[in-house]
Amino acid sequence: MIIAANFKANLSASVVAEYIKYVESKLDSSLKNELIIFPNFISLQTAKDFAKKINIGTQNAYPALNGAFTGEITLEALQTLDIKTILIGHSERRILLNETQQMCNEKFRFYKNQDFKIIYCIGENLDIKEKGESSILKFLENQLKNIDLDYKNLIIAYEPIWAIGSGKSATLNDISFVSEFIKTKTKAPILYGGSVNENNAKEILALQNIDGLLIGSAALNANTFLNIIKG
Ligand code: PGA
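Please read all numbers here as calculations on a predicted model, not as lab measurements.

A. Molecular detail of the overall build of the protein. When you go through the protein residue by residue, the secondary structure sums to 10 helices and 8 strands. The C-alpha atoms of the protein give 17 Å as radius of gyration, which agrees with the globular expectation for 231 residues (17 Å, within 12%). Taken along the three principal axes of its C-alpha coordinates, the protein extends 45 × 45 × 30 Å. Burial analysis of the protein (231 residues in total) assigns 51% to the buried set. For the protein, the proportion of contacts with a sequence separation of at least 24, taken over those separated by at least 6, is 70%. Surface exposure of the protein reaches about 10900 Å², of which carbon and sulfur atoms provide 49%. Taken together, the 25 basic and 25 acidic charged side chains of the protein have centroids lying 3 Å from each other.

Structural data, given as structure tokens:
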């Protein structure tokens, strides 16, 4: 299983350091889960310094080696930290930062060529969901267009927008329905994200086509994250 924590724009670098030290000190050596943490940019260096067992990924990066991209980070900065994992297509970037599908595709191509592990996020909004199953699949299919679904370091995160941060996760039926569809397209592991917490994580992880979780708010608390990891 892959358990990933997306800290979004939360937690200072010193808190991230304490978090990682604490979580790693509590991990059992027999732990089989792959753990990934996506801290904010300013915490990446500290996170890398402290993480021994947890993989540290970036929440975003511009598709270029370096250059005039104010406010962005690029490949060169990630290389200096030895970061090789990236989140692409998170709905908050698509919606709040107006990141287009074309930009997601460019980022995907660029970081794939650099051999990065890519967690590519897809998910429909409430309007689409209310239109029914065929609308959901059509929408998700468009988000998967031009993404190399055979890429060996690809992980897909299904995160319905209406479930993110809402406290209301998708139902097991919703998740099964979509993950079954994704499995027809790719052999990549599938994560579910959207209001995952200590109470629902276990049953979601038990679903046949689900290979892990992408957790936002519940992962901000180290003990909650540990409880989810340990099942
Ligand atoms: P949430 O966020 O767990 O707070 O719903 C998930 C995500 O956005 O990755």
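B. Focus on the sheet that holds strand 8 (residues 212-215). An order of 3-2-1-8-7-6-5-4 is seen for the 8 strands of this open sheet, with the pairing classed as parallel. Looking at the sheet topology across the chains shown, the edges are occupied by strand 3 (55-56) and strand 4 (85-88). Both strand 7 (residues 190-193) and strand 8 contribute to a ladder of 3 bridges, which runs parallel. Paired with G193 across the strands is L214, a residue of strand 8. Where helix 5 (residues 101-113) meets the sheet, its contacts fall on strand 4, strand 5 (117-122) and strand 6 (154-158), and the angle it forms with strand 5 comes to roughly 165 degrees. Across the sheet, helix 8 (residues 172-183) is in contact with strand 5, strand 6 and strand 7; its angle to strand 7 comes to roughly 150 degrees.

C. Seen up close, the pairing of strand 7. Of the two faces of strand 7, the one lined by I190 and Y192 and the one lined by L191 and G193 are each fully buried. A crossover links strand 6 with its parallel partner strand 7, the connecting element being helix 8, and its sense is right-handed.

D. Representation of the site of the ligand. Near the ligand lie 13 residues; those nearest to it are K8, H90, E159, G165 and S217. Within the side chain of H90, an N or O atom sits 2.7 Å from an oxygen atom of the ligand. Of the residues assigned to the shell around the ligand, the class counts are 4 nonpolar, 7 polar and 2 charged.

E. Structural detail: the pattern of salt bridges. Enumeration over the complete set of coordinates arrives at 10 salt bridges. Its salt-bridge partner being E92, residue K8 comes within 2.8 Å of it at the nearest N-O pair. A residue pair is termed long-range when its members are at least 10 positions apart, and K8 in the loop between strand 1 (2-6) and helix 1 (13-26) and E92 in helix 4 (residues 91-96) qualify at 84 residues. Measuring nitrogen to oxygen at the nearest pair gives 2.5 Å for the salt bridge that ties K117 to E34. With K117 in strand 5 and E34 in strand 2 (residues 34-38), the pair connects residues that are 83 residues apart, well separated along the chain.

F. View of the pairing of strand 5. For strand 5, the tally of buried residues reaches 5 of 6 residues, placing the bulk of the element in the interior. Bridge analysis of strand 4 against strand 5 gives 4 bridges, and the strand direction is parallel. Looking across to strand 5, one finds that I88 is bridged to Y120.

G. The arrangement of the layout of surface pockets in detail. Counted as a void, the largest pocket has a volume near 300 Å³. Along the walls of the largest pocket sit 13 residues, with K8, A9, Q59, R93 and L97 positioned nearest its centre. The element that contributes the greatest number of residues to the lining of the largest pocket is helix 4, accounting for 3 residues. In terms of residue class, the lining of the largest pocket is made up of 5 nonpolar, 5 polar and 3 charged.

What counts and what doesn't
Residues numbered from 1 in each chain as written. Predicted model: local features only at pLDDT ≥ 70, side-chain atom pairs only at ≥ 80, totals over all residues. Heavy atoms only, no water. Helix = DSSP H or I, 4+ residues; strand = E, 2+ residues; numbered from the N terminus. Rg over C-alpha atoms; globule rule 2.2 N^0.38 Å. Buried < 20%, exposed > 50% of the residue type's maximum accessible area, 1.4 Å probe, protein only. Contact = heavy atoms within 4.5 Å. Areas by Shrake-Rupley, 256 points an atom, 1.4 Å probe, with all protein chains shown as cover. Lys, Arg positive; Asp, Glu negative; His and termini not counted. Charge placed at Lys NZ, Arg CZ, Asp CG, Glu CD. Pairing = 2+ DSSP bridges. Axes fitted to C-alpha atoms, helices over the stretch in contact; angles between N-to-C directions. Right-handed = clockwise from strand over helix to strand, strands pointing away. Near = heavy atom within 4 Å. Polar contact = N/O pair within 3.5 Å; in protein donor to acceptor, adjacent residues only side chain to side chain. Nonpolar A, V, L, I, M, F, W, Y, C, P; charged D, E, K, R; others polar. Salt bridge = Lys/Arg side-chain N within 4 Å of Asp/Glu carboxyl O. 1 Å grid on protein atoms, 1.4 Å probe; cavity = no way out; pocket = protein on both sides within 12 Å on 5 of 7 lines; lining within 4 Å. Points joined across faces, edges and corners; volume = space filled by probe spheres on them.

Shape is all these values report; function is a separate question.
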